[in-house]
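Examination of the molecular architecture
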Amino acid sequence: MGLEIAEDDSLKSGGYDSLMGRRRLFILAAAVACVVVFFVDLAVGSSGMSVIDAFTTLVMPGQATSMQRLIVFDIRLPATLMAIGVGMALALAGAVMQTILDNPMAEPYTLGISSSAGFGAALVIVLGISAAGAGMLYISIGAFVCSMAACAVIYLIARFRSSDKTTILLTGIAIFFTFQALLSTLQLMANGNQLSEIVFWMFGSMSRATTDQFVIVLAVLVASSIIFLWNSWRYTALKLGDAHAASLGVNVMTLRRMTLIVVSVLTSVAVCFVGTIGFIGLISPHISRFLVGEDHRYYIPMSMLVGAVVLIVANMFSKVVTAPAIFPIGILTSLIGIPFFFYLVLSKRRFAS
Amino acid sequence: MTLKVEGITCGYGGKEVLHGVTFSSDAKLIAVVGPNAAGKSSLIKCIAGQMHHGGHVSFKGTEIGRQEAVSADMVGYMPQQHMNPVSMTVYEAILLGRLNHIRWSPSQHDRRIVDHAIHELSLDPIADKRINELSGGQMQMVSIAQALVKEPELLLMDEPTNNLDLQKQLEMFEVVRILSEQRGLVAMMILHDLNMASRFADEIVVLSGGEVYAQGKPGEITTQKMLRDVYHVEADVVEDRDGLPHVIAYGSLDEGGRT
Ligand SMILES: Nc1ncnc2c1ncn2[C@@H]1O[C@H](COP(=O)(O)OP(=O)(O)OP(=O)(O)O)[C@@H](O)[C@H]1O
Ligand SMILES: [Mg+2]
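The structure reproduced in this document is the subject of the present report. (Residues numbered from 1 in each chain as written. Chains lettered and ligands numbered in written order. Predicted model: local features only at pLDDT ≥ 70, side-chain atom pairs only at ≥ 80, totals over all residues. Heavy atoms only, no water.)

**Describing the state of the cysteines**
- Scanning all chains against the criterion turns up 0 disulfides over all chains.
- There is no disulfide at Cys146 of chain A, and the cysteine sulfur nearest it, in Cys151 of chain A, is 11 Å away. (Disulfide = S-S within 2.5 Å.)

The structure is reproduced here in structure tokens:
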């Protein structure tokens, strides 16, 4: 207020500073955890190579055999990197979706973006385009095109129905069921080989990830996170409700539409390489909110870090649970996610903020 | 004229609720009164540029009534509905009032303004409390503080006295009055309590059925006739010790209100 404010008296509100300090500490801890699980994941695998050998290969690649280098750097590293990229991307998408739609259940999966990608992939598989050598590429393209189409439908309906958040959510759910039904139809039409391909897609997998794919995911991830972080104060204001955000000067409709477009590209890129992975986009923002609160300067990066940690851990388990076979990572995230989610919902505990 | 409202029309889904609202005023403290669903909130939303509307609004010669005026902090607007009960602290929520000035970290200046508002509205004891743990009145005070730290030239408040106890209401009026004297703030408030409106406002605008019924000084506005025409109540108007009109209501004149 304009009542004579002495510019020299010190700030009385120490509570806010200590809160921010605590949040920074949580972010730092999550970043450390991310680095730790990254290395552990590289050391773990189904090849029978000992953890100690794996660590030596990592730290001193020069002294390792070419076989050991192949396992660690060419087989495990791309999968682990992809787990980081996709984990962060899905968590980021879920985090901002929950904010703009004001709904704690919103994430790429519930809005049908993941299932439309799954349908796109299945369509390519059943049409037999994947018979050629570049099969994986076509499948990814099919998945990307379909999920973008689903997003376009959501976006257009939002555009013509005044960006109302309930409309967006209901459209997403309708899309989810539509593509789920279409996918089932395709499964009926598929032959044995195609069916196992489709199933591979439906449950998600990091095992076919390549470094090139990771670079694409990373590029989109960096661009989107910059855009989202740039708007972090506006998102925080939006948490108070549309009317209050608008009264503070936020153009709610524009923000919602812009976010929807960026989220579409981000999610489509994330799911088109690895298939359907649910729950990451749902639980990561919740954990993040418990740890660092609603301030999106902390909530956004924290969600990404949690998403990365959870998906790396899931990747690790997928290699050891049924070794030497790889257990589908999408099933694992659900198995980890569902009980944890129940715990979050049922215990009203809040850790920080 | 400081504030000029000319032929404002607006509606929801094709149903018009304001049928050309026109008034202008030089007063610093304006109260808008009228029965439920008269269109008070709609009018203030139009002035704040939060709603599509026909007609024009100008303030000190500048055309307002657009979102840009809010974004530029010329106009502050406090909505009637509560904020969502999220797990933000009171301090964080009030700080959001400085949204248009904050790039990444809030500056010392922004922080001082927030500190000051918190102190001025006696919110210090709850500054670090989460807003989902507040009482209705505390929540209302946070909303008010958030609107004040914006430091607007024109402050529009939709029922700011909701949920507030008597002392808090008077405190809130006092803070706004001081701001209007010191900084030339013009405040327009929607109020239901006619006695409070008389006490606070230099000028009262009575809205009824989407139109201006009357506008003027409290003494001219608050009459038995107005209470009968607009509110359909039977009442006496007496003078208090400051010569301000005081309403004593006896009962509703409508069938439904009689038992
Ligand atoms: N979001 C909305 N959608 C449709 N109609 C609305 C909406 N908001 C208000 N109305 C209608 O517009 C008219 C004016 O409403 P408004 O909120 O402006 O009244 P008000 O004078 O502020 O009433 P109150 O004293 O109850 O707050 C009412 O008939 C109401 O039903
Ligand atoms: Mg109202």
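**Considering the environment of Ser288 of chain A**
Residue and element names in this part refer to chain A.
- Relative to the assigned elements, Ser288 resides in helix α12 (residues 280-292).
- A residue is classified by how much of its surface remains accessible, and Ser288, at 0% relative accessible area, is buried.
- Residues Ser288 and Ser247 lie 41 residues apart in sequence; the distance between their C-alpha atoms is 27 Å.
- Each residue touching Ser288, except ones within four places of it in the same chain, is listed here: Gly293, Tyr299, Met302 and Ser303. (Helix = DSSP H or I, 4+ residues; strand = E, 2+ residues; numbered from the N terminus. Buried < 20%, exposed > 50% of the residue type's maximum accessible area, 1.4 Å probe, protein only. Contact = heavy atoms within 4.5 Å.)

**A word on the packing of aromatic side chains**
- In the structure shown here, the tally under the stated rule is 7 aromatic pairs over all chains.
- Geometrically, the ring pair formed by Tyr16 of chain A and Tyr91 of chain B is tilted, given 4.9 Å between the ring centres and 35° between the ring planes. Taken together, the residues span two chains, with Tyr16 of chain A in helix α1 (residues 14-43) and Tyr91 of chain B in helix α3 (residues 90-95).
- Take Tyr91 of chain B: its relative accessible area is 1%, and that puts it in the buried class.
- When the centroid spacing of 5.3 Å and the interplanar angle of 75° are considered together, the rings of Phe176 of chain A and Phe177 of chain A count as edge-to-face. (Phe/Tyr/Trp six-rings, centres within 6.5 Å; stacked < 30°, edge-to-face > 60°.)

**What about the coordination of the magnesium ion (ligand 2)?**
Residue and element names in this part refer to chain B.
- All of the protein donors around the magnesium ion (ligand 2) are Ser41 (OG) and Gln80 (OE1); their distances to the metal are 1.9 to 2.2 Å. Residue Ser41 is found in helix α1 (residues 40-47), and its partner Gln80 is found in the loop between β6 (75-78) and α3; the two are separated by 39 residues along the sequence.
- Among the residues examined, Ser41 registers a relative accessible area of 18% and is labelled buried.
- Looking at Gln80, the relative accessible area reads 34%, which means it is partly exposed. (Donors = N, O, S within 2.8 Å, 3.2 Å for Na, K, Ca; no water.)

**Overview of the sheet that holds strand β3 (residues 29-33) of chain B**
All names here are of chain B.
- Across the sheet, which stays open at both edges, the 6 strands sit in the order β6-β7-β8-β3-β9-β10 with mixed pairing between neighbours. With partners counted over all chains shown, the strands left at the sheet margins are β6 and β10 (211-216), one partner each. For this sheet, the mean angle separating the axes of adjacent strands, direction not counted, is 15°.
- Where strand β9 (residues 203-208) lies against β10, 5 bridges are found, and the strand directions are antiparallel. Its bridge partner lying in β10, Leu207 is registered against Val212.
- Here helix α5 (residues 136-149) sits on the sheet and contacts β6 and β7 (154-158); the angle it forms with β6, its principal contact strand, is near 170°. (Pairing = 2+ DSSP bridges. Axes fitted to C-alpha atoms, helices over the stretch in contact; angles between N-to-C directions.)

**A word on the sheet that holds strand β5 (residues 62-63) of chain B**
Residues and elements named next belong to chain B.
- With respect to topology, 4 strands assemble into an open sheet ordered β2-β1-β4-β5, the strand pairing being antiparallel. Of all the strands in the sheet, just β2 (15-25) and β5 have a single pairing partner and so form its edges.
- Bridging between strand β1 (residues 3-12) and strand β4 (residues 54-59) involves 5 bridges; their strand directions are antiparallel. Along β4, the bridge assignment pairs Val5 with Val57.

**Regarding the interface of chain B and chain A**
- Opposite the 50 residues of chain B that make contact, chain A presents 42 residues.
- Its largest share of buried area at the contact with chain A, chain B owes to Leu99, Trp104 and Arg112 of chain B, together 17% of the area lost on that side.
- Taken together, the connections running from chain B to chain A amount to 2 salt bridges.
- Among the salt bridges present, the one from Asp17 of chain A reaches Arg111 of chain B, with a minimum N-O distance of 3.1 Å.
- The tally of links from chain B across to chain A stands at 8 residue pairs in polar contact (both at pLDDT 80 or more). (Buried area = accessible area lost by both parts, 1.4 Å probe. Salt bridge = Lys/Arg side-chain N within 4 Å of Asp/Glu carboxyl O. Polar contact = N/O pair within 3.5 Å; in protein donor to acceptor, adjacent residues only side chain to side chain.)

**Points about the side chain of Asp110 of chain B**
Residue and element names in this part refer to chain B.
- Its location among the elements puts Asp110 in helix α4 (residues 108-120).
- For Asp110, a relative accessible area of 3% puts it in the buried group.
- Setting aside residues no more than four positions away along its own chain, Asp110 makes contact with Arg98, His101 and Ile102.

**Things to note about empty space enclosed by the protein**
- Taken as a whole and assessed by the stated rule, the structure comprises 3 cavities of 30 Å³ or more.
- Around the largest cavity, the lining residues are His244, Ser247 and Leu248 of chain A together with Tyr77, Met78, Pro79, Ser143, Gln146, Ala147 and Lys150 of chain B.
- Secondary-structure elements contributing two or more residues to the lining of the largest cavity are α10 (242-247) of chain A together with β6 and α5 of chain B.
- In terms of residue count, α5 of chain B provides more of the lining of the largest cavity than any other element does, 3 residues in total.
- Considered class by class, the residues forming the lining of the largest cavity number 5 nonpolar, 4 polar and 1 charged.
- In this structure, the second largest cavity encloses a volume near 40 Å³.
- In terms of lining residues, the second largest cavity is bounded by Met97, Leu111, Ile113, Cys151, Ile154, Leu260, Val263 and Ser264 of chain A.
- Broken down by element, the residue count for the lining of the second largest cavity peaks at 3 residues, all from helix α11 (residues 252-274) of chain A.
- Taken together, the residues of the lining of the second largest cavity sort by class into 7 nonpolar, 1 polar and no charged. (1 Å grid on protein atoms, 1.4 Å probe; cavity = no way out; pocket = protein on both sides within 12 Å on 5 of 7 lines; lining within 4 Å. Points joined across faces, edges and corners; volume = space filled by probe spheres on them. Nonpolar A, V, L, I, M, F, W, Y, C, P; charged D, E, K, R; others polar.)

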